[in-house]
Amino acid sequence: MRDIAIPLPLARTILSPVYRVTLNDRLPWRLQRLLLDAGSRLQPAPAGTEVRRIQLAGRPADRFTAGTPGAGAVLYLHGGGYAVGSLSTHRSLTARLAHETGCTVYSLDYRLAPEHPFPAGLDDAEAAFLELVDKHGYAPGQIAISGDSAGGGLALATAQRLIARHGYTPAALGLIAPWTDPNQIPERYRDLVISKPWSRACATAYLGSGDNNDPGYAPLLGELRGLPPTYVQVDVSELLHTQCVDLAAALRDAGVTVTFTESRGLWHVAQLQAALVGPAAAVLSEMAEFLAEAIRPAHIRDLG
């Protein structure tokens, strides 16, 4: 299916009421999930991308390939405040990521809150990475971890745990508007996609009876030294913009190589609509290029 070029103002006009209705703290989590899954059918995947449903560390996962995949892989962790989102909601994005990186992309259906609060999702992501190493033949340095919003925070927490517990450093981190400290309360009431009440409800559901100072829950508070090259993208209009600016600065202070990009006129995780909106496709391509370069074998990078 070919991309559709919807003008940005029209896309914003269409999406704003959709998100206001769907991501609503007054709706039960299960209803939010159903509505998001239904809406995801309008986000097409690129032609020539093959998807297979597999099990990864005991959890459902999608495995995406486009053409003959390269040697590396991307473990993708979807967003949704740790309480909503699914393989379906992110299938267009993850398929496109496989198409543009030339790598195999594994999209993980990690457990969601409030049924499975912290650290269930982190445990699932850690186990998935370890299985890619132990059973799928990848070296840790051949696997990048990527995610958006809560999935971006989960990607960062997963990398920290892999380094601390196993001595495994992923090839790179690709973070789209990552939510790395759920303790922080947004200054504004809402952006086009998320609102303060909804984000607070998600933070509470995810924490459960856990410790909100645990770096697994709030990886911005954790050890940043030793992390791999990291890409961070956010739009200046987002509630998470300030947090992403702080993350990029903290990573640089910790000696991490950071690529930080800010868009203007998009919205929170506009990459989900990459098949519909040209500028959203452009920022997703930017991250894909970053990840592909990081995953390429060292001897190939040295050639050019």
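Everything below is about the structure shown above.
So, here's what we can say about the structure. Quick caveat, the model's predicted, so the values are computed rather than measured.

## Thoughts on the pattern of salt bridges
Where charged atoms from two side chains of opposite charge come close, those side chains can pair.
Next, step 1: Evaluation of the coordinates by the stated rule reveals 11 salt bridges.
Next, step 2: Put simply, Asp62 and Arg53 hold a salt bridge, and the shortest N to O gap is 3.0 Å.
Next, step 3: For Asp62, a relative accessible area of 1% puts it in the buried group.
Next, step 4: Ionic pairing is found between Arg59 and Asp109, a salt bridge with its closest N-O pair at 3.7 Å. With Arg59 in strand S2 (residues 59–66) and Asp109 in the loop between strand S4 (104–108) and helix H4 (120–134), the pair connects residues that are 50 residues apart, well separated along the chain.
Next, step 5: Taken together, the salt bridges that share partners define one network made up of Asp123, Glu126, Arg161 and Arg165.

## A word on the packing of aromatic side chains
Next, step 1: As enumerated under the stated definition, the model contains 7 aromatic pairs in all.
Next, step 2: Look at Tyr82 and Tyr206: their rings are 3.6 Å apart centre to centre, the planes differ by 5°, and that puts the pair in the stacked class. Highlighted residues: Tyr82 in the loop between strand S3 (73–77) and helix H3 (91–101) and Tyr206 in helix H6 (residues 196–207), separated in sequence by 124 residues.
Next, step 3: Measuring from centroid to centroid gives 5.7 Å for Phe118 and Tyr206, while their planes differ by 75°, and the two rings are edge-to-face. Note that Phe118 is positioned in the loop between S4 and H4 and Tyr206 in helix H6, a separation of 88 residues in sequence.
Next, step 4: On the basis of relative accessible area, Phe118 is assigned to the buried category, the value being 12%.
Next, step 5: Classification of Tyr206 by relative accessible area gives buried; the value is 2%.
Next, step 6: Each member of the aromatic cluster is reached from another via a ring pair, and the members are Tyr82, Phe118, Trp179, Tyr206 and Tyr217.

## Description of unusual backbone geometry
Apart from glycine, the bulk of residues carry a negative phi angle, and the bulk of peptide bonds sit in the trans form.
Next, step 1: Each neighbour pair has its own omega, and for Ala113 with Pro114 the value is 0°, a cis peptide bond.
Next, step 2: Omega for the bond connecting Phe118 with Pro119 falls within 30 degrees of zero, at 10°, which places this linkage in the cis form.
Next, step 3: Within the secondary structure, Pro119 sits in the loop between S4 and H4.
Next, step 4: Of note in the backbone geometry, Tyr82 takes a positive phi value of approximately 65° without being a glycine.
Next, step 5: By relative accessible area, which is 1% here, Tyr82 ends up buried.
Next, step 6: Of note, Val269 is a non-glycine position whose phi angle comes to about 50°, a positive value.
Next, step 7: Inspection of the secondary structure puts Val269 in the loop between strand S8 (258–263) and helix H8 (278–295).
Next, step 8: On the accessibility criterion, Val269 (3% relative accessible area) is buried.

## A look at the pairing of strand S5 (residues 143–148)
Next, step 1: Where burial is concerned, most of S5 is hidden: 6 out of the 6 residues are buried.
Next, step 2: Of the two faces of S5, the one lined by Ile143, Ile145 and Gly147 and the one lined by Ala144, Ser146 and Asp148 are each fully buried.
Next, step 3: Across 5 bridges, the pairing between S3 and S5 is parallel. Looking at S5, one finds that Ala73 is bridged to Ile143.
Next, step 4: Regarding the hand of the β-α-β motif, the stretch spanning S5, helix H5 (residues 150–166) and strand S6 (residues 173–176) is right-handed.

## Looking at the side chain of Thr230
Next, step 1: Note that Thr230 resides in strand S7 (residues 230–235).
Next, step 2: Here Thr230 is in contact with Leu173, Leu175, Leu251, Val256, Thr257, Val258, Thr259 and Phe290, once residues within four sequence places are set aside.

## Things to note about the pairing of S2
Next, step 1: Judged from the 8 bridges that link them, strand S1 (residues 49–56) and S2 form a sheet pairing that is antiparallel. When the sheet's bridge partners are listed, Glu50 is paired in S2 with Thr65.
Next, step 2: Once S1 ends, the chain turns through 2 residues before running back antiparallel as S2, passing Ala57 with a positive phi of about 55°.

## Brief notes about helix H1 (residues 8–22)
Next, step 1: In this model H1 runs 21 Å from its N-terminal to its C-terminal C-alpha over 15 residues, within 8% of the 21 Å that 1.5 Å per residue would give.
Next, step 2: At Leu15, H1 shows its strongest bend, of approximately 25°, with the proline Pro17 following within four residues.
Next, step 3: Along H1, the residues classified as buried are Ala11, Leu15, Ser16, Tyr19 and Thr22.
Next, step 4: For H1, the secondary structure elements touched by its buried residues are helix H2 (29–39).

Cut-offs and rules
- Residues numbered from 1 in each chain as written.
- Predicted model: local features only at pLDDT ≥ 70, side-chain atom pairs only at ≥ 80, totals over all residues.
- Heavy atoms only, no water.
- Salt bridge = Lys/Arg side-chain N within 4 Å of Asp/Glu carboxyl O.
- Buried < 20%, exposed > 50% of the residue type's maximum accessible area, 1.4 Å probe, protein only.
- Helix = DSSP H or I, 4+ residues; strand = E, 2+ residues; numbered from the N terminus.
- Phe/Tyr/Trp six-rings, centres within 6.5 Å; stacked < 30°, edge-to-face > 60°.
- Pairing = 2+ DSSP bridges.
- Right-handed = clockwise from strand over helix to strand, strands pointing away.
- Contact = heavy atoms within 4.5 Å.
- Expected span 1.5 Å × (residues − 1).
- Bend = angle between axes of the 7 residues up to and from the residue.

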